[in-house]
There are 2 protein chains.
Amino acid sequence: MPTSKDVAALAGVSQSTVSYVMTGKRPISEKTRLRVEAAIEQLTYRPNAGARALASRKSQVIGLVIPITPEVHLGSIMEFVAVIAATARRFDHDVLLVTDQEGNQGLERVVGQQLCDGLILMQVQADDERIPVVRKLGVPVVFIGIPNDSTGLNCIDADFARAGELCVEEMAGAGHTNGVIIGWRPRLVGSRLNYVDRFLGGANAAAERLGVSLEHLPATSDRRSIEAAVDSCIAASQGMPAFVSPDVTVLELLPRILHEKGLEPGRDASVIGVGPVPDTMLALEETTILDIQPSLVSQHAVELLLRLMTADHPDAGGTLELIPPLVTHRHGTAGHSVPAPQSAS
Amino acid sequence: MPTSKDVAALAGVSQSTVSYVMTGKRPISEKTRLRVEAAIEQLTYRPNAGARALASRKSQVIGLVIPITPEVHLGSIMEFVAVIAATARRFDHDVLLVTDQEGNQGLERVVGQQLCDGLILMQVQADDERIPVVRKLGVPVVFIGIPNDSTGLNCIDADFARAGELCVEEMAGAGHTNGVIIGWRPRLVGSRLNYVDRFLGGANAAAERLGVSLEHLPATSDRRSIEAAVDSCIAASQGMPAFVSPDVTVLELLPRILHEKGLEPGRDASVIGVGPVPDTMLALEETTILDIQPSLVSQHAVELLLRLMTADHPDAGGTLELIPPLVTHRHGTAGHSVPAPQSAS
DNA sequence: TTGAAAGCGCTACCAC
DNA sequence: GTGGTAGCGCTTTCAA
């Protein structure tokens, strides 16, 4: 492996000049810059990450803390992970994976070892126990999700309140006077993942404003519980029922259940899916999809973190950024597959 | 941040002694070891990763190259990723995420920068273009997947040939004389991802051996194409049809389609799902599941890589390890949800 | 516009 | 069983 010393020798300059060519931290004459660049090319020189981190006190790595609890949909997480990794690379950084099963120890470890210059935490809970640790961690941290007390923290998430609102507006616009939100296992509601509450809050406010009656039926991911919710919705509804679900597992099963009940979306019912929408959902033709744009959230999270990492001052005051959902109406003839809305990656 | 110098001072020993206490690379008297450990504890000392990597030429990091192409199921990938990260930690290593969109450049980069001591490559293709680069990379590499020419490479994967065999044996055991394998989009067959061919090969061999007629119907993930395959199977079958699918997206839609056709698994048809099985599949009661055990594959991949990384000699000859699938029969009454088989994590 | 040289914090050799 | 010390390869002052 060639070192910057080798490059310097080949280019006939000092080692520091090589360094400055690489970092651009001081002006270099065109002539020597070209010579150095040629030498770098010729030797396929790559700066040693450890040495660089040691000398500069910057690892160019961001730590990504992923949830591995069974209650979160793996595909949705992966969507975040992939975009975060790709975005980090666009800004010349790498991503170190930390699982949340390491807990607070893990955060302290990667920061203490100076393996990374900043952290992104996914699946942040309403009363996340990592918050006190994060506050005195000494590196910038970006949360994906909004805890109850977000003062001084940097949080970014999809705007679930707005999504709830939009769902109800869609329903009302389609002429419904009542509807049901199906999904999220009961113990999530009103507790740990507060995007659930934000969504319901937005939906209920809009329902009140628009004079629509709205109910929330929690459901686990098994068929029986979803079916029960659907039945109860049909029973309660005068006129065409409207189903809203922000839960991937529910959306996976909903098409089959509706079909069993003889309900055809667009004719006998309205269906609105929120969030990462599974393939089975896309098999339904007449639907409205509220894309919460995970990839946009991820990109912004990375960019925010990088901004904080390069800021001279420690971040004052914190940030709160909400990404608005993207509404897509899908119409189609049976069997004709409309591609899912693609957010920029 | 305290350094090992601080620890040494506090414990009244030399810096090298601290290092040896941490690494265990030479015997230390009980007495001084305890003093040093106390000092480490008291200062919450953590070795600087960059400095350690620089001096020891070992980063304690393994690079994980993930596919981000749209044709692979994100949830399945995430299952590997999570287990790999967790397993790496068990052996005191971390995981650096590399996306395959960086291509060969990415491999050369992370190795060149000495960001990691070894690599795991996921979603390895039959004729993977990364192979020539890997061969002269200078660090151990473990493939998840088996390329056509695996000589000298270290490969590990689920035993798809055996899975195919088992599927047919299941069918035959249930009294079927014919069946259909539904899934994998056409362009994957016979081409890039050769686990497809391994599966079909095993299945066909068993079919011939057992006198079962077997057909493979490729399908894209849209409803129309899966429905067509199902119809064609029903038409061709004398007696009860058997459906086998190793494709997550197909398995997601299959329950609904079967129901539309009035087919009840266990009564009118047999259904065998292979691989990571989605929630919708679990809604079917009478099924056989062939778990390809992604988490076991992941664990073994990490352990193999670590073995190669600590080996003094560069790995001679390569490795080929196949993880046998786990067969689970599910019986149940409608609405009663049997938990999915959990591989050890 | 460039160079020399002093570290960054750790490991591992050599000496005792 | 322990300590001294020379680097690992880079960045970054200070000096020219």
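Residues numbered from 1 in each chain as written. Chains lettered and ligands numbered in written order. Predicted model: local features only at pLDDT ≥ 70, side-chain atom pairs only at ≥ 80, totals over all residues. Heavy atoms only, no water.

Draft legend 1. Spotlight on the nonpolar core. Ile120(A) and Ile120(B) are the most contacted members of the largest nonpolar core, which totals 99 residues. Leaving out residues up to four positions away in the same chain, Ile120(B) has contacts with Ile62(B), Gly63(B), Leu64(B), Val65(B), Ile84(B), Val142(B), Ile144(B), Ala301(B), Val302(B) and Leu305(B). Ranked by size, the runner-up nonpolar core spans 46 residues in total, among them Phe143(A), Cys155(A), Ile131(B) and Val139(B). (Core = buried A, V, L, I, M, F, W, Y, C linked by side-chain atoms within 4.5 Å. Buried < 20%, exposed > 50% of the residue type's maximum accessible area, 1.4 Å probe, protein only. Contact = heavy atoms within 4.5 Å.)

Draft legend 2. Fine view of the pattern of salt bridges. Applying the stated rule across the entire model yields 30 salt bridges over all chains. The salt bridge involving Asp94(A) is made with Arg89(A); its shortest N-O contact spans 3.6 Å. By the burial criterion, Asp94(A) is buried, and Arg89(A) matches it. Note that Arg33(B) is salt-bridged to Glu37(B), the shortest N-O span being 3.3 Å. With Arg33(B) and Glu37(B) both in helix α3 (residues 30–43) and 4 residues apart, the pair spans about one turn of that helix. (Salt bridge = Lys/Arg side-chain N within 4 Å of Asp/Glu carboxyl O. Helix = DSSP H or I, 4+ residues; strand = E, 2+ residues; numbered from the N terminus.)

Draft legend 3. Summary view of the protein's contact with DNA strand D. What surrounds DNA strand D is a group of 31 residues, the closest being Ser4(A), Tyr20(A), Tyr45(A), Thr17(B) and Arg57(B). When the atoms of DNA strand D within 4 Å of the protein are grouped by moiety, sugar and phosphate amount to 54% of the total. Between DNA strand D and Lys25(A) there is a distance of 3.1 Å, counted from a phosphate oxygen to a side-chain nitrogen or oxygen. Here Arg52(A) contributes a side-chain N or O atom positioned 3.1 Å from a phosphate oxygen of DNA strand D. Within the residue set of the surface near DNA strand D, elements represented by two or more residues are α2 (15–23) and α4 (49–56) of chain A together with α2 (15–23) and α4 (49–56) of chain B. The residue makeup of the surface near DNA strand D, split by class, is 11 nonpolar, 14 polar and 6 charged. (Near = heavy atom within 4 Å. Polar contact = N/O pair within 3.5 Å; in protein donor to acceptor, adjacent residues only side chain to side chain. Nonpolar A, V, L, I, M, F, W, Y, C, P; charged D, E, K, R; others polar.)

Draft legend 4. Geometry of empty space enclosed by the protein. For the structure on display, the rule yields 2 cavities of 30 Å³ or more. One number sums up the size of the largest cavity: a volume of about 210 Å³. Taken together, 16 residues form the lining of the largest cavity, with Ala49(A), Gly50(A), Leu115(A), Ala49(B) and Leu115(B) sitting closest to its centre. Secondary structure elements with two or more residues in the lining of the largest cavity: α4 of chain A together with α4 of chain B. Looking at the lining of the largest cavity residue by residue, the classes come out as 10 nonpolar, 6 polar and no charged. (1 Å grid on protein atoms, 1.4 Å probe; cavity = no way out; pocket = protein on both sides within 12 Å on 5 of 7 lines; lining within 4 Å. Points joined across faces, edges and corners; volume = space filled by probe spheres on them.)

Draft legend 5. Structural context of the protein's contact with DNA strand C. Surrounding DNA strand C, one finds 31 residues, the nearest of these being Thr17(A), Thr32(A), Arg57(A), Ser4(B) and Tyr45(B). Between DNA strand C and Ala55(A), the relevant distance is 3.5 Å, taken from a base oxygen to a main-chain nitrogen or oxygen of the residue. Take Arg52(B): an N or O atom from its side chain is 3.1 Å from a phosphate oxygen of DNA strand C. The set of elements that each furnish at least two residues to the surface near DNA strand C consists of α2 and α4 of chain A together with α2 and α4 of chain B. Its residues assigned to classes, the surface near DNA strand C comprises 11 nonpolar, 14 polar and 6 charged.

Draft legend 6. Representation of the packing of helix α11 (residues 248–260) of chain A against helix α11 (residues 248–260) of chain B within the structure. α11(B) packs onto α11(A) with a crossing angle of 5° between their chain directions and a minimal axis gap of 9 Å. It follows from the interaxial angle that α11(A) and α11(B) lie roughly parallel. In this structure, α11(A) contributes Glu252(A), Pro255(A), Arg256(A), His259(A) and Glu260(A) to the contact, and α11(B) contributes Glu252(B), Pro255(B), Arg256(B), His259(B) and Glu260(B). (Axes fitted to C-alpha atoms, helices over the stretch in contact; angles between N-to-C directions. Parallel < 35°, antiparallel > 145°, perpendicular 65-115°, else oblique.)

Draft legend 7. Quick look at the sheet that holds strand β8 (residues 242–245) of chain A. Residue and element names in this part refer to chain A. If you trace the 6 strands from one edge of the open sheet to the other, you get β7-β6-β8-β9-β10-β12, paired in mixed fashion. With one partner strand each, in any of the chains shown, β7 (213–217) and β12 (326–330) form the two edges of the open sheet. Averaged over all neighbouring strand pairs, the angle between strand axes comes to 20°, with direction disregarded. Two strands pair when backbone bridges link them, and strand β10 (residues 287–291) and β12 are joined in this way by 5 bridges, in the antiparallel orientation. Residue pairing in the sheet places threonine 288 in a bridge with histidine 329 of β12. (Pairing = 2+ DSSP bridges.)

Draft legend 8. Structural view of the interface of chain A and chain B. On the chain B side, the residues contacting the 52 residues of chain A number 53 residues. Both faces combined, the contact of chain A with chain B buries some 4,900 Å², and carbon together with sulfur accounts for 65% of it. Summed over the three residues of chain A that lose the most area to chain B, namely Arg46(A), Met78(A) and Arg256(A), the buried surface amounts to 13% of that side. For the pair chain A and chain B, the number of links is 4 salt bridges. We note a salt bridge from Arg89(A) to Glu102(B), for which the minimum N-O separation is 3.3 Å. Contributions of two or more residues to the side of chain A that touches chain B are made by α4, α5 (74–90), β2 (94–99), α6 (103–112), α10 (223–236), α11 and α12 (279–282) of chain A. Take the side of chain A that touches chain B: its biggest share by element is 10 residues, from α5(A). (Buried area = accessible area lost by both parts, 1.4 Å probe.)

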